[in-house]
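# Chain and residue survey
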Amino acid sequence: MSILRCLLKVGKRGVVASVAAVLGVAPLMSQAEHHEQPDDSFNLATLECWDLTGLEESDRAYALLMVYGYVAGQSSMSTQSASGIQAAFEIIGRLCDANPDMYVASAVKRAVGHDEE
């Protein structure tokens, strides 16, 4: 299922609940529920730019912020600023427009100067 359908199906609250559950901050689930893979799951590391193209602006920004936070966490980038994130989003937008098959996480790494290539 594409990220577009996932976000439209579950909405922002559902995605936040899914992320919270993965991080272990949601209420405990039964063993059976814990091992089931939800239909609306997606991988932040392999989300491609083209997955974001059909989203409304607010949903696209929300998805980008999730991936940005994921990359920031992996890179130990604990200090952030609103202006820095906004500048990174502009660079990410240009990279994704030019490279629709690029992983969003790779675009974020390039935008913040943590590109491994």
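First things first, this report covers the structure right here in the doc. No experiment lies behind these values; they were computed from the predicted model shown.

Turning to the state of the cysteines, a few remarks are in order. Enumeration according to the criterion identifies one disulfide in this entry. The residue that forms a disulfide with Cys49 is Cys96, at a sulfur-sulfur distance of 2.0 Å. Residues Cys49 and Cys96 are joined through a disulfide that is left-handed, its torsion about the S-S bond being -50°. Residue Cys49 is found in helix α3 (residues 49-52), and its partner Cys96 is found in helix α5 (residues 82-98); the two are separated by 47 residues along the sequence.

Moving on, we come to the packing of helix α4 (residues 57-74) against α5. Their axes nearest at 11 Å, the elements α4 and α5 cross at an angle of 105°. Here α4 is positioned roughly perpendicular relative to α5, judged by the angle of their axes. Across the interface between the two elements, Arg60, Ala61, Leu64, Leu65 and Tyr68 of α4 pack against Ile85, Ala88, Phe89, Ile92, Gly93, Cys96 and Asp97 of α5. Looking at the contact of α4 with α5 residue by residue, the classes come out as nine nonpolar, one polar and two charged.

We now examine the environment of Tyr103. With respect to the helices and strands, Tyr103 occurs in the loop between α5 and α6 (104-111). Note: C-alpha distance between Tyr103 and Glu48 (55 residues apart in sequence) is 4.2 Å. Each residue touching Tyr103, except ones within four places of it in the same chain, is listed here: Ala45, Thr46, Leu47 and Glu48.

This part is about α6. Among the eight residues of α6, six are classified as buried, and the element is accordingly described as predominantly covered. Regarding α6, the residues found buried are Val104, Ala105, Ala107, Val108, Lys109 and Ala111. Contact partners of the buried residues in α6: α3, α4 and α5.

A word on the packing of α5 against α6. Between α5 and α6, whose axes approach to 9 Å, the crossing angle comes to 130°. With respect to α6, the axis of α5 lies oblique. Where α5 crosses over α6, the two elements pack in a sense that is right-handed. Here Ala88, Ile91, Ile92, Leu95 and Cys96 of α5 lie close against α6, whose contacting residues are Ala107, Val108, Arg110 and Ala111. Of the residues assigned to the contact of α5 with α6, the class counts are eight nonpolar, no polar and one charged.

Cut-offs applied
Residues numbered from 1 in each chain as written. Predicted model: local features only at pLDDT ≥ 70, side-chain atom pairs only at ≥ 80, totals over all residues. Heavy atoms only, no water. Disulfide = S-S within 2.5 Å. Helix = DSSP H or I, 4+ residues; strand = E, 2+ residues; numbered from the N terminus. Axes fitted to C-alpha atoms, helices over the stretch in contact; angles between N-to-C directions. Parallel < 35°, antiparallel > 145°, perpendicular 65-115°, else oblique. Contact = heavy atoms within 4.5 Å. Nonpolar A, V, L, I, M, F, W, Y, C, P; charged D, E, K, R; others polar. Buried < 20%, exposed > 50% of the residue type's maximum accessible area, 1.4 Å probe, protein only. Left-handed = near helix turned anticlockwise from the far one by under 90°.

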